[in-house]
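The residues making up each chain are set out below.
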Amino acid sequence: MRRAARRGAGAQVLPTLAPFVAKGVHLRVMQRLTDPLLEDMRTGRHDLVITTKRPRGRVLASVPLADKEYVLAAAPHLGAARRGAPGG
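The notes below deal with the structure included here. (Residues numbered from 1 in each chain as written. Predicted model: local features only at pLDDT ≥ 70, side-chain atom pairs only at ≥ 80, totals over all residues. Heavy atoms only, no water.)

## Some words on the overall build of the chain
Note the cut-off: Secondary structure is summarised from DSSP: a helix means a run of H or I of at least four residues, a strand means a run of E of at least two, and numbering begins at the N terminus for each. Think of it in three bands: with a 1.4 Å probe and only protein chains considered, a residue is buried below 20% of the maximum accessible area for its type, exposed above 50%, and partly exposed in between. Contacts: residue pairs with any heavy atoms within 4.5 Å of one another. Each accessible area is a Shrake-Rupley result for a 1.4 Å probe, and residues are judged covered by the shown protein chains and nothing else.
The secondary structure content of the chain amounts to three helices and three strands. The proportion of buried residues among the 88 residues of the chain is 28%. Long-range pairs, those at least 24 residues apart, make up 32% of the contacts in the chain with a sequence separation of at least 6. Total accessible area computed for the chain in this model is approximately 6300 Å², and 54% of it derives from carbon and sulfur atoms.

## Re the pattern of salt bridges
Basically, it comes down to this: By definition here, a salt bridge exists when the distance from a side-chain nitrogen of Lys or Arg to a carboxyl oxygen of Asp or Glu is within 4 Å.
One pass over the structure, following the stated rule, counts four salt bridges. In this structure, the salt-bridge partner of Asp40 is Arg32, at a minimum N-O distance of 2.6 Å. Of the residues examined, Asp40 reaches a relative accessible area of 15% and is grouped as buried. Since its relative accessible area comes to 38%, Arg32 is described here as partly exposed. Here the residues in one salt-bridge network are Arg32, Asp40 and Arg45, joined through shared partners.

## What to know about a nonpolar patch on the surface
Rule in force here: Like charges within 9 Å and nonpolar side chains (Val, Leu, Ile, Met, Phe, Trp, Tyr) within 5 Å are joined into patches, using only residues over 30% in relative accessible area that form no salt bridge.
A surface patch of nonpolar side chains, amounting to about 460 Å² of accessible area, comprises Leu14, Val21, Val25, Leu27, Val29 and Ile50. Looking at the element boundaries, Val29 is found in the loop between helix 2 (18–22) and helix 3 (34–42).

## A few points about the side chain of Asp40
Following the sequence through the fold, Asp40 ends up in helix 3. Setting aside its immediate chain neighbours within four residues, Asp40 contacts Arg32, Arg45 and His46.

## Description of the side chain of His46
Relative to the helices and strands, His46 resides in the loop between helix 3 and strand 1 (48–51). By relative accessible area, which is 7% here, His46 ends up buried. Apart from the residues lying within four places of it in its own chain, the contact partners of His46 are Arg28, Met30, Arg32, Leu37, Asp40, Met41 and Ala75.

## Brief notes about the sheet that holds strand 3 (residues 71–74)
Put simply, the test is: We treat two strands as partners when DSSP finds at least two bridges between them. Working convention: axes come from line fits to C-alpha atoms, limited for helices to the stretch in contact. Angles between N-to-C directions cover 0 to 180 degrees.
Taken in spatial order, the three strands of this open sheet run 1-3-2, and their pairing is antiparallel. Every interior strand has two partners, whereas the edge strands, strand 1 and strand 2 (61–64), have only one. The average angle at which neighbouring strand axes cross in this sheet is 20°, direction not considered. Both strand 2 and strand 3 contribute to a ladder of four bridges, which runs antiparallel.

Here it is in structure tokens:
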């Protein structure tokens, strides 16, 4: 059941990133717990993270991606890219 849920989430969320890929953004897809991924983004290891909860504080920008609570969070240097994201 968990495996099917993951596939469903990816099928729902990853197509949202297609416009970024078309503009040359390279994606590396990995699965980890939310808090370590967000911390890695705060320290510069990741530029974007798809997560099931919004990041705390004001350092990271985020926008909802789907009816379910999936959030695309962006590192501070990508704040301008938020304007091009769905719902931004």
